[in-house]
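# Topology and contacts: notes
Take a look at the letters that make up each chain.
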Amino acid sequence: MSPEPRVPPPAPAPPAAESAPQGSAGRQGGDVIHDIGYRNYDGPRLGRGYARRSLYVQSLRGCYGLGRSAKSKVLPMILLAVVCLPAAMMVAITVQGHLRQQPLGYNNYVIQLQPVIGVFVAAAAPQAVSLDLRFRVVPLYFSRPIEHSDYVSAKFAALFTALFVFTSLPLAILYLGALLAKLEFADQTGDFALGLACSALFSLLHAGIALALAALTPRRGFGVAAIIAALTVPYVLISALQGIAASQGVGSAPGWIGLGSAGTLIDGIQAAFLGGHSNFPGGQDPTTGQASVYVLVVAVLVAGAYALLLRRYRKAGL
Amino acid sequence: MIATENLTKRFPRVTALDRLTVDITPGVTGLVGANGAGKSTLIKILLGLSPATEGGATVLGMDVSTAGSAVRERVGYMPEHDCLPPDVSATEFVVHMARMAGLPATAARERTADTLRHVGLYEERYRPMGGYSTGMKQRVKLAQALVHDPRLVLLDEPTNGLDPVGRDEMLSLIRRVHTDFGISVLVTSHLLGELERTCDHVVVIDGGTLLRSSATADFTRGTPSLAVEVTDSDTHPDGAAALRSALAERGLTVRDDTAADGARAPGAGRSVLVDAANADTADAAGNDTDDEAVYDAVRDAVLDLGLGLVRMEQRRQRIADVFQHGTAQPGAGAGNGPQYGHGSAHAPQPAVHATQPQKGDGGDVA
């Protein structure tokens with residue numbers, strides 16, 4: 001990972017370096033070790049914005065285990081393969097079977113693979129923030145030009161990007177497959193775009209929830225457990241309630257109940273506004289009015305998570 | 001480098017800094033104080049991370065309350081606690097911290113290789129830091145504080161957790177940071193003995209107030225003295241007393257040993273302290289000749305009395321002594337003052353080791 005030349009420590013410097021003004025050590029005796037001395041840095045200092053971008057890039061890479069030990073790469077890469085595999089299979093089926101339509105729409109792909117995405121975000125969010133807390137790197141960051149808000153925005157953006165890449169990569173595979181199978185180009189492109197919007201919204205909400213939870217604890221295990229619980233328990237519960245409501249024939253109830261979990265929120269919004277169909281039990285899409293409330297709730301959740309993070313790090317000094 | 005003006009920081013319960021006005025010049029400056037004396041609070045404020053309740057501070061000529069980001073770009077900080085993720089190599093970590101300080105990617109890598117070499121980390125820098133010894137970790141922590149070539153580094157307890165050898169290496173490294181790298185250093189410690197050897201200037205704070213700020217030389221200046229220990233003989237059952245009077249006759253200033261050691265150690269009555277720069281012969285310039293005259297006088301006196309000379313050593317006053325007898329304030333309270341015990345154990349007089357344990361008793365300066 002380190003591209004710098006592996007120079008052996010007492011670098012035999014060219015004779016010119018011997019006259020370096022600060023050449024300090026190793027002048028004594030016959031076998032002189034030339035120390036090239038301390039060199040000052042006169043180059044550019046790119047400041048706060050650059051530092052924030054560096055943190056963003058480093059955190060984004062960290063979500064996939066890049067730049068860390070081989071062990072840290074295993075889980076994210078396996079999950080990435082798992083989330084893409086069904087897409088590849090669907091492409092194969094569509095192309096081989098000369099289907100006129102993909103077995104699963106773009107939006108529904110994201111909703112259906114929620115468990116896998118949930119595991120990924122549960123692993124990535126603590127990786128992004130809990131480790132900094134646990135190993136106390138946070139104070140070091142704040143001794144650099146960035147401000148506390150920069151740390152939050154860089155981490156949030158990094159996790160969002162990681163999730164977006166994670167969710168939109170299989171969609172891209174589906175889209176390429178659709179083009180390969182010579183499905184209707186305009187339709188597919190439109191649906192793909194809506195699918196990306198769906199995955200962006202999904203990523204935004206889940207990144208917010210996961211990061212806010214992970215920042216509460218320096219223990220990675222707790223973070224992982226808390227995030228998985230926060231994402232799956234309400235989803236299962238709400239789906240069950242929706243099922244009961246639907247079987248009782250209470251018309252608008254499943255739509256309102258859907259407000260209760262992150263998964264159903266995204267499902268409802270994509271069904272109402274992004275051209276998909278909800279996976280609600282009973283197959284009923286929320287009404288436009290209900291879906292508008294969904295959007296509002298998502299906005300409040302994301303903003304709330306961000307505010308919590310800002311609050312969490314405002315006090316985290318040295 | 002650093003100037004504070006009536007700097008006050010109050011928390012709901014405690015006042016961490018109380019109207020602290022201090023001016024720190026380029027060089028190596030030691031910041032001494034017990035735990036809770038306000039060292040960390042001061043560093044936080046100097047980095048622009050915590051607003052002062054009253055007063056203000058400038059670092060490198062910049063106001064910390066308005067230009068915090070610019071200050072941190074040119075200041076390095078080495079925290080007291082562990083701050084290294086174990087699954088990352090030193091190179092990767094320091095490169096990242098260099099970029100966090102605003103260095104472009106190529107420069108960050110070059111400076112990282114340079115800096116790690118300067119702090120004495122070689123091939124092991126490619127290994128994950130989880131397997132490093134405490135000494136190596138401290139070096140990485142120092143490297144990340146220096147990698148962006150700051151004009152000033154703030155080192156918080158850099159010798160914490162090191163064994164005596166590691167401590168010595170770290171101290172000489174800190175000295176080099178100033179002499180070879182040209183970077184000014186503010187180093188905190190609760191061990192006076194360390195700072196005495198490393199620093200040009202020492203600032204002592206206690207309970208958030210300035211106790212003393214002066215050059216290290218001022219602390220240790222004063223009359224160098226000569227400790228003489230003699231045996232007893234049949235004619236002189238108390239050899240030390242006999243020598244004391246004999247030396248006094250020769251016009252030398254003889255002092256009670258306890259005055260310098262702070263406590264009467266076993267056998268302290270056997271040794272005699274003589275002012276090496278004697279009033280009769282002292283003048284501003286040639287201290288060496290004075291010393292020699294005193295040595296000669298002591299030698300002659302011992303010889304005349306027919307005693308055996310056990311040891312004769314030069315003893316300089318240490319910073320700790322100054323606190324013991326000079327500036328210690330009665331209000332400082334038990335266990336609240338700087339702790340001397342450890343520090344003076346490293347002072348360059350092995351012969352006085354026996355007296356050290358008493359000295360640090362409870363850290364009570366009052």
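The rules behind each value
- Residues numbered from 1 in each chain as written.
- Chains lettered and ligands numbered in written order.
- Predicted model: local features only at pLDDT ≥ 70, side-chain atom pairs only at ≥ 80, totals over all residues.
- Helix = DSSP H or I, 4+ residues; strand = E, 2+ residues; numbered from the N terminus.
- Buried ≥ 20, exposed ≤ 12 C-beta atoms within 10 Å, placed from the backbone.
- Contact = placed C-beta atoms within 7 Å.
- Expected span 1.5 Å × (residues − 1).
- Bend = angle between axes of the 7 residues up to and from the residue.
- Pairing = 2+ DSSP bridges.
- Axes fitted to C-alpha atoms, helices over the stretch in contact; angles between N-to-C directions.
- Parallel < 35°, antiparallel > 145°, perpendicular 65-115°, else oblique.
- Left-handed = near helix turned anticlockwise from the far one by under 90°.
- Nonpolar A, V, L, I, M, F, W, Y, C, P; charged D, E, K, R; others polar.
- pLDDT = per-residue confidence, 0-100.
- Core = buried A, V, L, I, M, F, W, Y, C linked by C-beta atoms within 7 Å.

Before going further, it helps to examine the overall build of chain B. A count of helical and extended segments in chain B gives 14 helices and 14 strands. Looking at the 366 residues of chain B, the share that counts as buried comes to 48%. Contacts in chain B between residues far apart in sequence, at least 24 positions, make up 70% of those at least 6 positions apart.

Let us now look at the interface of chain B and chain A. Chain B puts 45 residues into the contact, and the matching count from chain A is 40 residues. Contributing elements (two or more residues each) for the side of chain B that touches chain A: α1 (39-46), α2 (68-73), α3 (90-100) and α4 (105-118) of chain B. Considering every element that reaches the side of chain B that touches chain A, the biggest residue donor is α4(B), with 8 residues.

With that settled, consider helix α6 (residues 148-180) of chain A. All names here are of chain A. When the terminal C-alpha atoms of α6 are compared, their 47 Å separation across 33 residues agrees well with the 48 Å that a helix rising 1.5 Å per residue should span. Approximately 30° is the largest bend angle found in α6, and it occurs at S168, with the proline P170 only one to four residues beyond. Immediately downstream of α6, the backbone of K182 shows phi near 55°, a positive value.

Attention shifts here to the sheet that holds strand β1 (residues 2-10) of chain B. The strands making up a sheet are joined through hydrogen bonds of the backbone, oriented either antiparallel or parallel. Residue and element names in this part refer to chain B. Taking strand neighbours across the sheet as the criterion, the 4 strands line up as β2-β1-β4-β5 in an open arrangement whose pairing is antiparallel. Since the sheet does not close on itself, it has two edges, and those belong to β2 (15-24) and β5 (62-63), each with one partner. Relative to β2, β1 runs antiparallel, the two being bridged by 6 bridges. The residue of β2 that forms the bridge with R10 is T15. Each of β1, β2 and β4 (54-59) touches α1; the most contacted strand, β1, lies at about 115° to it.

Let us now look at the sheet that holds strand β6 (residues 75-78) of chain B. All names here are of chain B. An order of β6-β7-β8-β3-β9-β10 is seen for the 6 strands of this open sheet, with the pairing classed as mixed. Of all the strands in the sheet, just β6 and β10 (209-215) have a single pairing partner and so form its edges. On average, adjacent strands in this sheet sit at an angle of 15° to one another, irrespective of strand direction. Here helix α5 (residues 134-146) sits on the sheet and contacts β6 and β7 (152-156); the angle it forms with β6, its principal contact strand, is near 165°.

Attention now goes to the packing of helix α1 (residues 47-63) of chain A against helix α4 (residues 114-134) of chain A. Two packed helices can be described by the angle between their axes and the distance between those axes. Residue and element names in this part refer to chain A. Two numbers describe how α1 lies on α4: the axes approach to 9 Å, and their chain directions differ by 140°. In terms of orientation, α1 and α4 fall into the oblique class. The interaxial crossing formed by α1 with α4 has right-handed handedness. For the pair α1 and α4, the contacting residues are S59, G62 and C63 in the first and A124, Q127 and A128 in the second. Classifying every residue of the contact of α1 with α4 gives 3 nonpolar, 3 polar and no charged.

Mean pLDDT over chain A stands at 86; residues scoring 70 or higher make up 88%. Here residues 1-30 of chain A scores under 50 on pLDDT; set against residues more than four positions off or in separate chains, the count is 39 contacts.

Given a rise of 1.5 Å per residue, 17 residues ought to cover 24 Å, and the 25 Å separating the end C-alpha atoms of α1(A) matches this to within 8%. On its buried side, α1(A) packs onto α2 (70-97), α4, α5 (138-142) and α6 of chain A together with α3 of chain B. Following α1(A) by one or two positions, G65(A) has its phi on the positive side, about 80°.

On to the nonpolar core. Within the largest apolar cluster, 156 residues are counted, with the highest numbers of intra-cluster contacts made by A125(A), L159(A), A210(A) and L211(A). Residue contributions to this core peak at 14 residues, all from α6(A). Among all residues touching A210(A), those that are not within four sequence positions of it are V121(A), A122(A), A125(A), L159(A) and I227(A). Within the second largest apolar cluster, 18 residues are counted, among which are L226(B), L247(B), L252(B) and A301(B).

Residue and element names in this part refer to chain B. Mapped onto the secondary structure, A16 falls in strand β2. On the neighbour-count criterion, A16 (23 C-beta atoms within 10 Å) is buried. Between the C-alpha atom of A16 and that of G36, which follows or precedes it by 20 residues, the distance is 7.7 Å. Those residues in contact with A16, other than ones at most four positions away along the chain, are K9, F11, G38, T41 and G208.

With that settled, the discussion passes to the confidence of the model for chain B. All names here are of chain B. For chain B, per-residue confidence averages 79 on the pLDDT scale, and 75% of positions sit at 70 or higher. Across chain B, α3 holds the top mean pLDDT of 96, while helix α14 (residues 356-359) sits lowest at 36. Taken together, the stretch residues 325-366 has pLDDT below 50 and engages in 78 contacts with residues farther than four places along the chain or on a different chain. Predicted as a complex, the structure gets a pTM of 0.77 and an ipTM equal to 0.83.

Moving on: unusual backbone geometry. Residue and element names in this part refer to chain A. Despite not being glycine, H98 shows a phi value in the positive range, around 50°. On the basis of neighbour counts, which here come to 8 C-beta atoms within 10 Å, the residue H98 falls in the exposed class. Even without being glycine, K182 reaches a positive phi, approximately 55°. Locating K182 in the fold gives a position in the loop between α6 and α7 (185-214).

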